[in-house]
Structures are given as C-alpha cells and as structure tokens.
There are 2 protein chains.
Amino acid sequence: MELDARKIIILKTIIKNYLETGEPVGSRTISKYSELNLSSATIRNEMSDLEEMGYIIQPHTSAGRIPSDKGYRFYVDSIMRESDDRVNQVTELMVKKVDKLEMLLKNLVKHLAIDTNYAALISAPALSENKIKYVQLSQPGPGKLLLILVLEGNIIKNEILTIDEDLDMESILNLTIIINNHFSGLSLNEITRSTVRNVLEQSGEHRETVRIIIDAIIDMVEAGEESRDIYTSGATNILKYPELTDTKKAAALISAFEEKDALNKLVSEVTNDEISEGNRNNLQVYIGGEGPIQNMQDCSLVTANYELGDGLRGVIGVIGPKRMDYEKVLGTMKNLMEQLDKTFGKDSDSKEGKG
Amino acid sequence: MELDARKIIILKTIIKNYLETGEPVGSRTISKYSELNLSSATIRNEMSDLEEMGYIIQPHTSAGRIPSDKGYRFYVDSIMRESDDRVNQVTELMVKKVDKLEMLLKNLVKHLAIDTNYAALISAPALSENKIKYVQLSQPGPGKLLLILVLEGNIIKNEILTIDEDLDMESILNLTIIINNHFSGLSLNEITRSTVRNVLEQSGEHRETVRIIIDAIIDMVEAGEESRDIYTSGATNILKYPELTDTKKAAALISAFEEKDALNKLVSEVTNDEISEGNRNNLQVYIGGEGPIQNMQDCSLVTANYELGDGLRGVIGVIGPKRMDYEKVLGTMKNLMEQLDKTFGKDSDSKEGKG
DNA sequence: GTTAGCACTCTAATCATAGGACTGCTAACA
DNA sequence: TGTTAGCAGTCCTATGATTAGAGTGCTAAC
C-alpha cells in the first residue's frame, strides 16, 4: 500500500488535531476539518489503511485514532523538510549584555522554557578544546594557594589548593611565569607529558606544589567533560500535560531534571549522535523511546548543538510530551540558533565578555 | 477548659497517629493505642473537648479527627521543649574534605533531603560582613579586566569588566596595589565614601576604570544580599505525599524550588525572625500558613541558621507537608547543626579551605 | 467519672444503566 | 471504481443508586 497525497493529508490532519486536543481523532472530525470534502465513511476507509500501515493507532474499538511513533516521526520529518521559513515572533535575546557565561546559559534555557512551555535544558560548553589564556596564582592563607584559570572565551575557573609549603611573593611570581610560559595557548588536549615534565623540571624545589597545580588545571578543564554543568528550566511544565501527570512518571522526570545525572548521560549521547546530512540546523527530534530517551516512553526530545564562538559548544534541548507542538518548538529552537549564530558568529565582534 | 495530662496524651496520640497514617484518627484507635486503658466512649468525650479547644478538627461528621495548626504547634513545641537528646543515627558528613563552598552547600542540602525525605534548601552565606582579603586584577583581552575578589573564608568571586582603556602591566599592578591598600581587611559595611574618594584620587588617569572596579566589588558582595544563591534538593519528594499531589499545588511548590525567587524571600524573612530565647538550636518551625510560608497552607517549614565559621552565616531548611515527621526532621537538623558547629567551630582548625 | 449500646451521619466503593462516540460493513449510487 | 448513506455493534464514560463501613454523639446504666 502506498502513502498517497490524500493519505498524507489525512494523517497530518489527524496528528495536528491530536496535538491540539490530546483526544483520539474520529473520522467525522476529519471530514469536517480537512479540505478534502469527503464523507466520514471515505475517511474511515483511509484511516483503516493508515492504521494497517502503522501510522496511527486505535486505543480501543470505539475510539478515534492517535498517531503512533511512526506517525509522529513522519510528521516531524515532513515539518523539518518543509523547513518552514516563516520566522516566529522573536523575543529579543539579551545575550549581548550578559557578561557571565553562566548567566547567559541560564537566560537561554529560561527563555526557551517560557517560549515553548516545556522543560528545557542546556549543557555548559565543553572546555577541553578551549585554549588556556593564562593562569594566576596567589596565596589567600597559609598552606593555601588560589589558582585562577582563564580560558579562551573568557571562561574563568578558580580553585583553592592545599599545599605543603608556604611560598613567598617571588616564588609565586616565578611559578606563575613558568606555568604560563608553557601552558598559555594550549588546550587540554594539547598538554603533553613532556610539557608537564618540562614545567616540573623548571620548578625546582616547588616541584610538588607545581604538580598539584597542574593536576588541578587538568581537573578543572576535564571535569566539564564527563559531568558537564547542566542548567534547566521549566521542569514543572511537565506537570501541565495530563499524559505525564501520573505522579510517578512525572516525579521521575522532574527529579531527573533536578539531579542532572540522567541529563548528563542524555547530553553526551546527543552530542555523539551524528547529524543527518540534510539537517542544516543541527536540530534533532527524538520521539518516544528513540535514541537517548529510551526510558522516557511518553516524551519527546528536541535538541540542537549550539555554538557561542570561541569553540564554546554544547547542547540545548526541550523535553515535552510526545504530543508536543513540534512545529512551534522546532521553530523556536531554529530561531534561537540563528540568533546565537548572528550574535556569536565568526564575523561578530561582540563575542567577548563571557566569564 | 484546661489541657490536663490526659488530654495531652490523647492529643499527642492523635497527632502521632495522624503523622504516620495520614488518615483521620478515631476514638477506638486511641483507646487501643494509648496506654490509658480507657474505652472509646471516654476518649470520644475528651476528643470533643479537644475539638472545642481548637487542637483538632473533624473533616466531616463521621470521620475521625486530624490535628489543627494549633494542634501541630502544640506538638512541635512540646518536642522542642523535651529536646529529646537521643542522637539520631548520624550519617558522617564529608564536610572537611570539601574545598569549594558551593560543593559543601550542595552536599549539605542533598544530605538533608535524602535523610528526611522532604525538600531541602540552603542559602549561601551573606557576604557583606565578610572582610576582603585581597583583590587581583588582570587583563584577559582588549578592553576587558578580570577582577578577582578574595573574601575571608576563602570565598572567591570573579567578574569580567568592560573598560574604556587598555592598561599596561605596570598600571594594572599599580591599581591592584592601591585598591588592596585601601580595601584589604574591610567588609562591605566598612567601605565608606571617603575610602572610595581616596582610592579614586590616587588612581589618577585611570580614575574611571577604578570607579568601575569599585562598583563591581560592591556589587559582587552586595548581590548576595537581596538575592542570595540558594541550593535545593529533593524537590520531587513533594510529590511523594498525597496531600500535596493535587498537581496544581505541587507544581507551584516545585516551581518555587526551581525558580528560587520565592525561596529567597522566604530565606530573608526567616533570617530576620527573632530567635526565641529558649531555642538553643536556632531551630524554627513554621506550620501551615505561619510566618514566611503564608502561601503554602499545606506545608510546614523547619529552618535553622547555620554558621560555618569565618562569619559565613545562612539559612538551611526543610519543607514538607504539614503532616511531617517533625521529630525526625528536628532531630536530623539538630544533629546537622551540631556537626557543623563541631567542624567549623571557633576552636577547630579545619575551617580553612572553602572557596 | 466511666462505659456500653444504639441511632445517626457521612464517605467511599461497587454496580447497573444509559448515552455517546466511533467503527466496520453492506448496499446503493455516480 | 470510488464515494456515500445508513445501520448494527463495540467500548468508554458519566450518572445515579445502593451498600458497607467507620465514627460520632447521646443516653442510660454502672
């Protein structure tokens, strides 16, 4: 059997209707709502076919039809293909004024959650590809050393280290210079054993301290890899959708949002997913149990890979019920990505100022 | 009418029972469970009195009784008075090993949420009383200035400022020295206009830059006042309790936990509450609509003011249903506070190492 | 002061019934 | 051959009635 033009119209009408109402859609409804001007009986025949083909499901004998995962998938793919270029009403992003990367991410994710009315998440950029600008050391107290790491993109990391000696001003200055000489301009991936060995050799009696410092630097940058910071917003939007309201499922989902561990796994899987060729916007849609959300049968996930210039790349996404307004979400996400591109693109000079 | 010993026993039995089961408690239950050896009829008479006195409520004619807010209050006060010194099974806190204040707070609040099975929150310490140890400046890029502020208690704050000039190394060093000369050892409250004026005068042509720096310093310290960072954990525990499961209320509560704004208000009100004389542990219990939680009629809040040494003071608390296991929560909180006291108390030398 | 017993009240659960929303099928129609 | 009207049949849901159970308040007796 083939999915001819009429079947497609009917399928889309069913899905659109179901997305709006959440109720199974009957043949009469379609007969009225579509522009096909067919009687409900004809529609019934077509629907019977569509069910046989696996695009729709009948919850029980005397009910209308609801989309199957295959149906959703078809619908989403057709939206993505049409690539609907009408721009949504764009809420002006205040990204330029934000000086702290953390604030920027929080704003973005909040914005996305409010716009879509679903739960949104964003992962902090990975740092291991970011070059180190410079390192600063100082001594906030006896036996302590404050290490400040400035990465490209003006990401600042700091940590207080416990060391076994007390350094005088000159030693601190010396160590700072040695470390910067070797590490400035390198990304984590470019730090080799021989670099480390060289630095250690030059640091003489402070060898142990320097080892602690280097370990801390590597830790700080690497920590962001396995367990990146993830910011979320609108987790409670999940409770707005009746199909997710059975308290147990909702609680599981929301606590996933609270705990972040599960999200981390999710993000890393999404990051590793290859981006399909025709997908110019990096947008990905996972429906039901697809891909990384296998334990969220009733949810769908829309993700995108964002880039803020300076190699700051991460994942941003929206989680909602399978019965999600895909069109709107995809539109919103696409817009957001375009705005980010415009604001942080290579040719922009306003990319400075995130710390 | 007077609350005699027998009435008290009955009242406590009712409340204890209700806390366990969540069901209204009938006279027969008490007749069986209490050690009074009275028939249900006698209990009924007493319960009738207790109801008249406002300690218990009858949801409907043929139901048992549940505690009123007044009843809860009586119960809680009596627990606090008895001050039950049997120590709960203490989970060993890993506070000493934690070098970042943020991690310490997150650990504490998570610990508390898991222990009590309710939602927990903790506010980051206020900073305006903390003295400035020193300030560091550096230049991560053109037109940018990285300001690092080290406060007593080894709290590190950093911010990237946008300035109108490019400074050479020497100027940066000079400015750093000038600022440190005047600001080291001062808390925000001790910074006066004349201090600021002096610094500005000494900074010559870099006057504008220094003004920006000073503003930033004040901002950083002050920001923590009105909108302190608040860490939460276990928000979804709220969904575990049937009386809070009507999705709307739960959503409101959980989203309060997500948004933090409401919590901020709450924390500041709690902070301002005077601590009643006999309350050696700083523990406060707010039941139903009492105090800062007026819009959480079905919840109770248990708070304590913690201190981590070095003047790092904040609020830690647990929010749960009114039908909360007060005894356990109060016990857990008390323990926690004692452990913190022991770990960070004046005579302890392990108070260093938080950043 | 305490207790047994009884009438009364109210809730929550169970069950039967009716109405409504669909479908699938058949037969007629263009 | 495709479309449509109509009808029987299915299943869900809402409604209402009934019942069992829990608990009270009151009275009278101990």
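What you see is a predicted model; the values in this text were computed from it and never measured.

A few words now on the protein's contact with DNA strand D. Near DNA strand D, the surroundings consist of 21 residues, among which Arg 6, Thr 42, Thr 61 and Ser 62 of chain A together with Ser 27 of chain B are the closest. Each atom of DNA strand D within 4 Å of the protein was classed as base or backbone; sugar and phosphate made up 75%. One of the side-chain N or O atoms of Arg 6 of chain A is found 2.8 Å from a phosphate oxygen in DNA strand D. Residue Thr 61 of chain A places a side-chain N or O atom 3.5 Å away from a phosphate oxygen belonging to DNA strand D.

Turning to the environment of Pro 67 of chain B, a few remarks are in order. Residues and elements named next belong to chain B. Assignment of secondary structure puts Pro 67 in strand β2 (residues 66-67). Classification of Pro 67 as buried rests on a relative accessible area of 5%. The spatial distance from the C-alpha of Pro 67 to the C-alpha of Gly 314 is 32 Å, given a sequence separation of 247 residues. Contacts of Pro 67, omitting those with residues within four sequence positions, involve Ile 15, Tyr 18, Tyr 55, Ile 56 and Tyr 72.

Turning next to the relation of the copies chain B and chain A. Its rotation angle being 180 degrees, the transformation that places chain B on chain A also includes 0.1 Å of axial translation and leaves an RMSD of 0.2 Å. Taken together, the turn and the small shift mark the pair as related by a two-fold rotation axis. The share of interface residues of chain B whose copies in chain A are also at the interface is 100%, consistent with both copies meeting through the same surface.

Another aspect to go through is the sheet that holds strand β7 (residues 230-233) of chain B. Residues and elements named next belong to chain B. Pairing in this open sheet of 5 strands is antiparallel, and the strands run β7-β3-β10-β9-β8 from one edge to the other. Each of the sheet's edge strands pairs with one partner strand only, and the pair in question is β7 and β8 (284-287). Strand-to-strand, the axes of this sheet are offset by a mean angle of 20 degrees, without reference to chain direction. Pairing of strand β3 (residues 119-123) with β7 involves 4 bridges; the strand directions are antiparallel. By the bridge assignment for β7, Ser 123 is matched with Ile 230. Against the sheet, helix α11 (residues 326-344) contacts β8, β9 (299-307) and β10 (313-321), and its axis sits at roughly 10 degrees relative to β9.

Across the contact, 38 residues belong to chain B and 38 residues belong to chain A. The junction of chain B with chain A conceals about 3,000 Å² of combined surface from both sides, 54% of it contributed by carbon and sulfur atoms. Across the chain B-chain A interface, the total number found is 2 salt bridges. Joining chain B to chain A, the criterion identifies 10 residue pairs in polar contact (both at pLDDT 80 or more). Of all elements in the fold, only β4 (132-138), β5 (144-151), β6 (155-162), β7 and α9 (247-259) of chain B reach the threshold of two or more residues within the side of chain B that touches chain A. Counting residues per element, the side of chain B that touches chain A draws most heavily on α9 of chain B, at 7 residues. Considered class by class, the residues forming the side of chain B that touches chain A number 13 nonpolar, 15 polar and 10 charged.

Taken domain by domain, chain A holds domain 1 (5-78), domain 2 (99-125 + 229-343) and domain 3 (132-226). Once you take the C-alpha centre of each, domain 2 of chain A and domain 3 of chain A turn out to be 35 Å apart.

As a further point, take the layout of surface pockets. What the second largest pocket holds in volume is close to 1,000 Å³. In terms of lining, the second largest pocket is formed by 27 residues, of which the most central are Gln 136, Leu 137 and Leu 173 of chain A together with Gln 136 and Leu 173 of chain B. Counting only elements with at least two residues in the lining of the second largest pocket, the list comes to β4 (132-138) and α6 (169-183) of chain A together with β4 and α6 (169-183) of chain B. Top element by residues in the lining of the second largest pocket is α6 of chain A. It accounts for 7 residues.

A word on the packing of helix α5 (residues 101-116) of chain A against helix α11 (residues 326-344) of chain A. All names here are of chain A. Between α5 and α11, whose axes approach to 10 Å, the crossing angle comes to 155 degrees. It follows that α5 is roughly antiparallel to α11 by the angle criterion. The hand of the α5/α11 crossing is right-handed. Here Leu 104, Leu 108, His 111, Leu 112, Asp 115 and Thr 116 of α5 lie close against α11, whose contacting residues are Lys 328, Val 329, Thr 332, Met 333, Leu 336, Leu 340 and Phe 344. Split into classes, the residues belonging to the contact of α5 with α11 amount to 8 nonpolar, 3 polar and 2 charged.

Once that is clear, we can look at the packing of aromatic side chains. All names here are of chain B. In total, this model carries 6 aromatic pairs over all chains according to the counting rule given. Each ring, one from Tyr 55 and one from Phe 74, has its centre 5.8 Å from the other, and the planes form 70 degrees; the classification is edge-to-face. Placement of Tyr 55 in the loop between α3 (40-53) and β1 (56-57) and of Phe 74 in helix α4 (residues 69-82) is noted, with a sequence separation of 19 residues between them. Taken as a pair, Tyr 55 and Phe 74 share a single burial class, namely buried. Judged by centre distance (5.2 Å) and plane angle (25 degrees), the ring pair of Tyr 118 and Tyr 241 falls under stacked.

Before going further, it helps to examine the pattern of salt bridges. Tallied over the full model, the rule gives 26 salt bridges over all chains. With a closest N to O distance of 2.6 Å, Arg 6 of chain A and Glu 46 of chain A form a salt bridge. A residue pair is termed long-range when its members are at least 10 positions apart, and Arg 6 of chain A in helix α1 (residues 5-21) and Glu 46 of chain A in helix α3 (residues 40-53) qualify at 40 residues. In this structure, the salt-bridge partner of Lys 110 of chain B is Glu 259 of chain A, at a minimum N-O distance of 4.0 Å.

Conventions we followed
Residues numbered from 1 in each chain as written. Chains lettered and ligands numbered in written order. Predicted model: local features only at pLDDT ≥ 70, side-chain atom pairs only at ≥ 80, totals over all residues. Heavy atoms only, no water. Near = heavy atom within 4 Å. Polar contact = N/O pair within 3.5 Å; in protein donor to acceptor, adjacent residues only side chain to side chain. Helix = DSSP H or I, 4+ residues; strand = E, 2+ residues; numbered from the N terminus. Buried < 20%, exposed > 50% of the residue type's maximum accessible area, 1.4 Å probe, protein only. Contact = heavy atoms within 4.5 Å. Least-squares fit on C-alpha atoms with pLDDT ≥ 70 in both. Pairing = 2+ DSSP bridges. Axes fitted to C-alpha atoms, helices over the stretch in contact; angles between N-to-C directions. Buried area = accessible area lost by both parts, 1.4 Å probe. Salt bridge = Lys/Arg side-chain N within 4 Å of Asp/Glu carboxyl O. Nonpolar A, V, L, I, M, F, W, Y, C, P; charged D, E, K, R; others polar. Domains from an automatic or database assignment. 1 Å grid on protein atoms, 1.4 Å probe; cavity = no way out; pocket = protein on both sides within 12 Å on 5 of 7 lines; lining within 4 Å. Points joined across faces, edges and corners; volume = space filled by probe spheres on them. Parallel < 35°, antiparallel > 145°, perpendicular 65-115°, else oblique. Left-handed = near helix turned anticlockwise from the far one by under 90°. Phe/Tyr/Trp six-rings, centres within 6.5 Å; stacked < 30°, edge-to-face > 60°.

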